[in-house]
Amino acid sequence: MASHIVGYPRMGPKRELKFALESFWDGKSSAEDLKKVSADLRSDIWKQMSSAGIKYIPSNTFAYYDQVLDTTAMLGAVPPRYGYTSGEIGFDVYFSMARGNASVPAMEMTKWFDTNYHYIVPELGPEVKFSYASHKAVNEYKEAKALGVETVPVLVGPVSYLLLSKLAKGVDKSFDLLSLLPKILPIYKEVIAELKGAGATWIQFDEPLFVMDLEGNKLQAFSGAYDELESTLSGLNVLVETYFADVPAEAFKTLTSLKGVTAFGFDLIRGGKNLDLIKSSFPKGKYLFAGVVDGRNIWANDLAASLITLQTLEGVVGKDKLVVSTSCSLLHTAVDLINETKLDDEIKSWLAFAAQKVDEVDALAKALAGQTNEAFFSANASALSSRRSSPRVTNESVQKAAADLKGSDHRRATEVSARLDAQQKKLNLPLLPTTTIGSFPQTVELRRVRREYKAKKISEEDYVKAIKAEIKSVVDLQEDLDIDVLVHGEPERNDMVEYFGEQLSGFAFTANGWVQSYGSRCVKPPIIYGDVSRPKPMTVFWSSTAQSMTKRPMKGMLTGPVTILNWSFVRNDQPRHETCYQIALAIKDEVEDLEKGGIGVIQIDEAALREGLPLRKAEHSFYLDWAVHSFRITNCGVQDSTQIHTHMCYSNFNDIIHSIIDMDADVITIENSRSDEKLLSVFREGVKYGAGIGPGVYDIHSPRIPSTEEIADRTNKMLAVLEKNILWVNPDCGLKTRKYTEVKPALKNMVDAAKLIRSQLSSAKNNDGTNETGSAFRLETRAAFRLETRAAFRLETRAASRLETGEPLPIRDQDIADTHRIEIGELNRLKRGFDHHIINRRVDHETTPSEVVGTSVIAGLGIGPVCRAARGVRSAAVAGALGGFVVGAVVADEQGIGGGGYRFPQGRFRTARGPISCKD
């Protein structure tokens, strides 16, 4: 019976690749040094699987940064800003795309489906010139073959690649990424032909998009792509691999009908419905790669139960067509349990890391062939029995407390607007308050102190003294930079989840259970094996110590229950939401102790809220209900004057924005800059948000230092769609992975940008308070002349976007949208603002002249092309602005706004080609 592994961790059992990458990036080692470490890791992985008896061993699952970025390199789809022209893509271009460089930002990074792994998002459009620019897949196949190991080369499938991409900046939103299939398939054909020429007999296409809710045209794209590849694939065995969920029935039909494909892989752990589909309609004569060993968790497989499943499938597809496999790549689990010499023996017996999962796959394959390893199976059964009966797993008081949560939604009693007023009276923050997300750089010296304290090489007194000194340094730095709301920098913390898990009951920890999150960044997820509770306060001492060092507000920093859950290896013997409620109660205790300790601003990070969203839409509502409820539980008992923050990063939040609002946090800081400010689009489209919000103004995952002007521009874009009194200025994420040489200038520029815009807003307010229309008019029209750029247009929509919704004017939306290269949603907001404010609204006598004129100018930008008032003016939009000024002036004058001594100019305005009258 055959066996197969979908993919394997690439970092190495002791993070060898991480250290090699960072040494290379720091200029401490050469490219050849990096390649040597990488080659050794690949060799060890292939030989390990070969020795274990695995028949179908993957190659090309290794990546220096990310497998999707590898595919982008293979296709030569390099964004123009990186200066690539032709030839084999090298480290300079590859790592610039991943990390940015001194002159250009990195490509967007986002979550890989519902995992904590991040991929680099391709930027595509009609102008991309594809070429075969990286021969990595072929080279790695040849490398393994030279070692005597036959492998299955793995490629990200062409349709999934396109559907995981985004439109490049400036590409019309109507452009269909799938229209690029005819351009990329010839390159796939070249790769396949080279692999065949090198001797490959199998090839694996990862097409995980099959598990998503796909429209008919996308399913047709899969069929069309593999129709096109069929002749090239002739002579190869072709596996199409799916994972992370069950394949919908319609997609299952499409998948199993693909031409040129001889095998199909299914996740039978998270895709429970796959089993029924396979039983009822799996095609005869095809191979079934059955993913019965969990690639996303660390619990030992129930071998007896898996064997029963496999025997059932054997009766469906036949003994010679069934292959035992993992549910997905083992990239998402820790590497090898053998390195855990200090882990509790009982708990260790319950676990299986990647190396052990390889052995489980092999043991199941042999058992299915009648060669059962009785000792292996017996030890497995004993471990499962031990786990089920262990008293350390269950805590009745915790279970009762969680059960008692039913019947309340745990909302704070006061509306957020009233809470913000109470908090402002207490905190006295300026407009556009600045803050950071939590962590500051973790220096070599700081890591040494923590390591030596853990190894008992220094005393607790010396440890506390060192950490206090680091906190004082971070506090002083923030005060020098004039940041408004401070953090203590988290020097005592190794990881934002592990730190809390170490202090909660029901958690276990590893020494080397590292899992790649992105690039060289690895995390060591805690293991939740039992009921969760908080024996004692976890952060109060350090937060109170930091607050004593400054008169400015100091944030207490906590990780939220959903993030702790999603970034841990979670027990699989009870529903996930029950475990999450237990964690929420523990964090609630900590929040209330922080408040008692004098901390008036408490941040409860929920960076992984979106990550846990099920892949199928039908399951979204249930998850979001309990996830959002868990967050509210943590802070439902605090006073109105205590400000609750949360933070989220590196996911697409637009589709869950209403659930984010339902969290009822006072302030949300959220990743924004690396994703081209796409978060802001939900506010342009009319989503109302009344709490504080801080969309990130710069990407902390790149060493690049943004200028003051760049940050100010980003902030102005935010002001186009968000009220100035709710906007915060902050980085995208924590600063732990950066260096102080990068952090100091970046934060200085951030603070300077905030001060610059405060000054501009103050100046504009002063102008609005006078009876002189000239400066206000110049302010608006000067900006209007910049309308050739999309960003400038959004700046000018600020006033109109704040008005109440009315009926749109009966004009051709697309004409205006085409004229200005703007979104229909933005245009409608302009029109609604004009219609409501100029036609329907009763203007009262407290309205300032500039308020009416300014809003009219802004609204006029939208109707300018239709009014056709541009007689010699640079653009129809500017003419609209001028026309808006006239309308506003008339309205103001007729209403008597501005007092008896105030009069707007009447009559005609002269342009290069003649006058424009008020009537025009």
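In what follows, the structure referred to is the one given above.
Let us look at the structure shown here. These numbers were taken from a predicted model, which means no experiment stands behind them.

Reading guide: rules and limits
Residues numbered from 1 in each chain as written. Predicted model: local features only at pLDDT ≥ 70, side-chain atom pairs only at ≥ 80, totals over all residues. Heavy atoms only, no water. 1 Å grid on protein atoms, 1.4 Å probe; cavity = no way out; pocket = protein on both sides within 12 Å on 5 of 7 lines; lining within 4 Å. Points joined across faces, edges and corners; volume = space filled by probe spheres on them. Helix = DSSP H or I, 4+ residues; strand = E, 2+ residues; numbered from the N terminus. Nonpolar A, V, L, I, M, F, W, Y, C, P; charged D, E, K, R; others polar. Contact = heavy atoms within 4.5 Å. Axes fitted to C-alpha atoms, helices over the stretch in contact; angles between N-to-C directions. Parallel < 35°, antiparallel > 145°, perpendicular 65-115°, else oblique. Left-handed = near helix turned anticlockwise from the far one by under 90°. Buried < 20%, exposed > 50% of the residue type's maximum accessible area, 1.4 Å probe, protein only. Lys, Arg positive; Asp, Glu negative; His and termini not counted. Salt bridge = Lys/Arg side-chain N within 4 Å of Asp/Glu carboxyl O. Polar contact = N/O pair within 3.5 Å; in protein donor to acceptor, adjacent residues only side chain to side chain. Pairing = 2+ DSSP bridges. Right-handed = clockwise from strand over helix to strand, strands pointing away. Phe/Tyr/Trp six-rings, centres within 6.5 Å; stacked < 30°, edge-to-face > 60°. Lys NZ or Arg CZ within 6 Å of the ring centre and 35° of its normal. Core = buried A, V, L, I, M, F, W, Y, C linked by side-chain atoms within 4.5 Å.

1. Considering empty space enclosed by the protein
If a probe as big as a water molecule is rolled over the atoms, it shows which places are left empty. All told, the structure shown has 10 cavities of 30 Å³ or more when counted by the stated rule. Size it by volume and the largest cavity reaches roughly 480 Å³. Taken together, 33 residues line the largest cavity, and the ones lying closest to its centre are Met-496, Arg-521, Trp-567, Cys-733 and Gly-734. Broken down by element, the residue count for the lining of the largest cavity peaks at 3 residues, all from strand E17 (residues 555–559). Considered class by class, the residues forming the lining of the largest cavity number 14 nonpolar, 12 polar and 7 charged.

2. Concerning the environment of Val-159
Here Val-159 shows up in helix H6 (residues 158–163). The spatial distance from the C-alpha of Val-159 to the C-alpha of Asp-206 is 9.7 Å, given a sequence separation of 47 residues. Ignoring anything within four residues of it in the chain, the contact list for Val-159 reads Leu-178, Leu-181, Glu-207, Lys-218, Ala-221, Phe-222 and Ala-225.

3. Focus on the packing of helix H17 (residues 444–454) against helix H18 (residues 460–481)
Their axes nearest at 10 Å, the elements H17 and H18 cross at an angle of 160°. Relative to H18, the element H17 lies roughly antiparallel. Along this stretch, H17 crosses H18, giving a crossing that reads as left-handed. Note on element contacts: H18 touches H17 through Glu-460, Tyr-463, Ala-466, Ile-467 and Glu-470, opposite Leu-446, Val-449, Arg-450 and Tyr-453. Of the residues belonging to the contact of H17 with H18, the class tally is 6 nonpolar, no polar and 3 charged.

4. Quick notes on the side chain of Asp-66
Assignment of secondary structure puts Asp-66 in the loop between strand E2 (57–59) and helix H3 (67–74). Here Asp-66 occupies a buried position and makes no salt bridge, while the nearest side chain of opposite charge, Arg-10, is found at 5.2 Å. Looking at Asp-66, its side chain comes within polar contact range of the main-chain nitrogen of Ile-120, at 3.0 Å.

5. Quick word on the pairing of strand E19 (residues 601–605)
Of all 5 residues in E19, 5 are buried, a share of seventy percent or more. Judged by which residues are buried, E19 turns out to be covered on both faces: Val-601, Gln-603 and Asp-605 on one side and Ile-602 and Ile-604 on the other are all buried. As paired elements, E17 and E19 share 5 bridges and run parallel to each other. If you follow Leu-558 over to E19, its bridge partner there is Ile-604. As defined by bridge partners, E19 adjoins strand E20 (residues 643–648) across 3 bridges and the pair is classed as parallel. Across the sheet, residue Val-601 finds its bridge partner in E20, namely Gln-643. With helix H23 (residues 620–635) bridging E19 and its parallel neighbour E20, the resulting β-α-β unit is right-handed.

6. Regarding the packing of aromatic side chains
With the rule as written, the count across this model stands at 29 aromatic pairs. Ring centres 6.0 Å apart and planes at 50° place the aromatic pair Phe-24 and Phe-95 in the tilted group. In this pair, Phe-24 sits in helix H1 (residues 16–25) while Phe-95 sits in helix H4 (residues 91–99), placing the two residues 71 residues apart along the sequence. Neither residue differs from the other here; Phe-24 and Phe-95 are each classed as buried. Taken together, the ring pairs in this structure connect Phe-24, Trp-25, Phe-62, Tyr-64, Tyr-65, Phe-91, Tyr-94 and Phe-95 into an aromatic cluster. A cation over an aromatic ring shows up here: Lys-35 above the ring of Phe-91, its NZ or CZ 5.7 Å from the ring centre. Between the NZ or CZ atom of Lys-524 and the centre of the ring of Trp-514, over which it lies, the distance is 5.2 Å.

7. Re unusual backbone geometry
With the exception of glycine, most residues fall at negative phi, and the peptide bonds are largely trans. Here the phi dihedral of Asp-482 falls at roughly 70°; this positive angle occurs in a residue that is not glycine. Within the secondary structure, Asp-482 sits in the loop between H18 and helix H19 (498–501). The exposure class assigned to Asp-482 is partly exposed, which follows from its relative accessible area of 26%. The phi angle at Asp-664 is positive, at roughly 65°, despite the residue not being glycine.

8. Details of the nonpolar core
In terms of nonpolar packing, the biggest core is built from 105 residues, with Phe-440, Ile-660, Phe-683, Tyr-698, Leu-722 and Leu-747 touching the most fellow members. For this core, the leading source of residues is helix H27 (residues 740–768), giving 10 residues. Those residues in contact with Leu-747 that sit more than four places away from it in its chain are Thr-436, Phe-440, Leu-481, Ile-483, Tyr-698, Pro-731 and Leu-735. Within the second largest apolar cluster, 103 residues are counted, among which are Met-74, Phe-113, Cys-328 and Leu-368.

9. Quick look at the sheet that holds strand E8 (residues 202–206)
Taken in spatial order, the 8 strands line up as E1-E12-E11-E10-E9-E8-E6-E2 in an open sheet, and their pairing is parallel. A strand with exactly one partner marks an edge of an open sheet, and here the two such strands are strand E1 (2–3) and E2. In this structure, E2 lies alongside strand E6 (residues 151–156), joined through 3 bridges in parallel fashion. If you follow Pro-58 over to E6, its bridge partner there is Val-152.

10. A few points about the pattern of salt bridges
Any two side chains of opposite charge can pair, so long as their charged atoms come close to each other. This model, assessed by the stated rule, comprises 51 salt bridges. The salt bridge partner of Lys-755 is Asp-482, with a shortest N-O separation of 2.9 Å. Remark: Asp-482 occurs in the loop between H18 and H19 and Lys-755 occurs in helix H27; sequence separation between them is 273 residues. Since its relative accessible area comes to 35%, Lys-755 is described here as partly exposed. The partner of Asp-573 in a salt bridge is Arg-571, with the nearest N and O atoms 2.7 Å apart. Take Arg-571: its relative accessible area is 5%, and that puts it in the buried class.

Geometry only, nothing functional implied.
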